[in-house]
Amino acid sequence: MRPPLLAIVLPCYNESAIIASTVERLQHLLNDYVAQSLIAAESYLLFVDDGSRDNTLELLRQHKSAQVKTLKLSANCGHQSALLAGMHFVTGKCDCMISMDADLQDDIHCTKAMLEAYLRGAQLVYGVRQSRGNDTWFKRKTALWFYGLMHKLGVNLVYNHADFRLLSNQVLHEFGRYREVNLFLRGIFPRMGFANATVYYDRQDRTAGETKYPFRKMLNLAVNGITSFSNVPLKIITYVGFLVFIGSLLASFWVIFVILTGRNAPGWASITLPIYFLGGVQLLALGILGEYISRIYLETKQRPVYHIEEVIE
């Protein structure tokens, strides 16, 4: 049996401070795996330049070879869209692919365990962090809250797994059938099934550059995940509306009782508080409905989420 042809897909945005080191380390890794007959000699790296504004693309051009390819997107589309572009490009052009971030905070040596799991029959291998010890307190707590919330909302996620994973070509072909604009990749692959395995690793500190996932982007990712895979927030609106209705009935009975017993005392609280409460509930309900409607709006247009300007190989 011949070794599998591996493609490593790496989205990158403004990574000039680290990209040369990333290419060098991963080329060395590929050559080492080829020498061990773990992968085919034709295996390659695919960098997806997500509209970088620094000289990331120029540095990648300098490393152009049969082993290092680059997709240049016409504009900054976001990490998930850049990853999607790379996955679409390598489908049918490899036996399996591994996705990781260009900063190499994911342990690249775990890729060997991923490949071994693939050779044993796994079609999908998740890279899962053993701990979040090197995260800030805020990021660690919000991550735990996010996974806990998604679980309660019925979304099947792999705990502490982001975008470090191996996919077989069969999984890539099946994934190509998904036509959603608002893709939440972390939620899609667990629901696809297929034989899978898990590899645990310790995430490294970034050696240069800055994170491309600030709190705002993490929040958008969380909202996208919830609205893409769960209708529980819509059900909550129904439940809250029912409870408010029951509460209003009880309050009406109480008001009638007070009037009949002659103990009513006029005051602003009994008028103002219900108005604020009902107004807040209505605005919250409209906000949740708006999120779902905006996603329906985007899905109906079916606009492409990325455009490839150039293929460098």
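Everything quoted here is computed from the prediction, not taken from an experiment.

**A word on the confidence of the model for the protein**
- With 77% of its residues at a pLDDT of at least 70, the protein reaches an overall mean of 80.
- Looking over the protein, one finds the lowest element-wise mean pLDDT in helix α8 (residues 215-229), namely 63, and the highest in strand β2 (residues 44-49), namely 95.

**Brief notes about the pattern of salt bridges**
- Here the structure, examined in full by the defined rule, presents seven salt bridges.
- Across the pair D163 and R165 runs a salt bridge, and its minimum N-O distance is 3.2 Å.
- What makes R165 buried here is its relative accessible area of 0%.
- Through salt bridges with shared partners, a single ionic network connects D163, R165 and R186.

**Details of the environment of A85**
- Secondary-structure assignment places A85 in helix α3 (residues 79-90).
- On the basis of relative accessible area, A85 is assigned to the buried category, the value being 0%.
- In this structure, the C-alpha to C-alpha distance between A85 and Y306, residues 221 residues apart in sequence, is 6.9 Å.

**Here's the deal with the nonpolar core**
- Within the largest apolar cluster, 34 residues are counted, with the highest numbers of intra-cluster contacts made by F47 and M100.
- Elements supplying a minimum of two residues to this core: β1 (6-12), α1 (19-35), β2, α2 (56-62), β4 (96-99), α4 (110-119), β6 (161-168) and β7 (196-201).
- Of all the elements, α1 adds the most residues to this core, at six residues.
- Listed in part, the 32 residues of the second largest apolar core include A82, L83, F175 and M192.

**Digging into unusual backbone geometry**
- A positive phi angle is found at N14, which is not glycine, with a value near 55 degrees.
- Structurally, N14 is set in the loop between β1 and α1.
- If you check the backbone angles, S37 has positive phi at about 60 degrees while not being a glycine.
- Summarising the element assignment, S37 is placed in the loop between α1 and β2.
- Among the residues examined, S37 registers a relative accessible area of 52% and is labelled exposed.

**Regarding the side chain of S43**
- Position of S43 relative to the elements: it lies in the loop between α1 and β2.
- Judged by relative accessible area, S43 falls into the buried class, the value being 2%.
- Polar side-chain contacts of S43 include one of 2.9 Å to the backbone nitrogen of L6.
- From its side chain, S43 meets the backbone oxygen of A40 in a polar contact 2.8 Å long.

**A closer look at the pairing of β4**
- Here β4 shows a buried face lined by C96 and I98 and a second buried face lined by M97 and S99.
- Judged from the four bridges that link them, β4 and β6 form a sheet pairing that is antiparallel. What sits directly across from M97, in β6, is L167.

**Observations regarding the environment of L45**
- Along the polypeptide, L45 turns up in strand β2.
- As a C-alpha pair, L45 and L26 span 19 residues in sequence and 7.8 Å in three-dimensional space.
- Beyond its immediate stretch of four places on either side in the chain, L45 contacts I8, V23, L26, Q27, L30, Q67, V68 and K69.

**Notes on the sheet that holds β7**
- An order of β7-β5-β6-β4-β1-β2-β3-β8 is seen for the eight strands of this open sheet, with the pairing classed as mixed. The sheet is open, and its two edges are formed by β7 and β8 (308-312), each paired on a single side. The sheet shows a mean angle of 20 degrees between the axes of neighbouring strands, taken without regard to direction.
- Sheet analysis places strand β5 (residues 124-129) next to β7, joined by six bridges and oriented parallel. By the bridge assignment, L124 is partnered in β7 with N196.
- Against the sheet, α1 engages β1, β2 and β3 (68-73), with an angle of about 155 degrees to β2.
- Sheet contacts for helix α7 (residues 185-192): β5 and β6; angle to β6, the most-contacted strand, approximately 45 degrees.

**Let's talk about α4**
- Taken residue by residue, α4 has C110, T111, M114, L115, A117 and Y118 as its buried positions. When α4 is viewed along its axis, its buried side chains cluster within an angular range of 160 degrees and face the same direction.
- Buried-residue contacts for α4 involve β1, α1, β4, β5, β6 and β7.
- Looking one or two places after α4, you find G121, whose phi comes out positive at around 120 degrees.

**Focus: the environment of E24**
- Structurally, the position occupied by E24 is in helix α1.
- Here E24 falls in the exposed class, since its relative accessible area comes to 59%.
- Between the alpha carbons of E24 and H63 there is a distance of 9.2 Å; along the sequence they are 39 residues apart.

The rules behind each value
- Residues numbered from 1 in each chain as written.
- Predicted model: local features only at pLDDT ≥ 70, side-chain atom pairs only at ≥ 80, totals over all residues.
- Heavy atoms only, no water.
- pLDDT = per-residue confidence, 0-100.
- Helix = DSSP H or I, 4+ residues; strand = E, 2+ residues; numbered from the N terminus.
- Salt bridge = Lys/Arg side-chain N within 4 Å of Asp/Glu carboxyl O.
- Buried < 20%, exposed > 50% of the residue type's maximum accessible area, 1.4 Å probe, protein only.
- Core = buried A, V, L, I, M, F, W, Y, C linked by side-chain atoms within 4.5 Å.
- Polar contact = N/O pair within 3.5 Å; in protein donor to acceptor, adjacent residues only side chain to side chain.
- Pairing = 2+ DSSP bridges.
- Contact = heavy atoms within 4.5 Å.
- Axes fitted to C-alpha atoms, helices over the stretch in contact; angles between N-to-C directions.
- Arc of directions from axis to C-beta.

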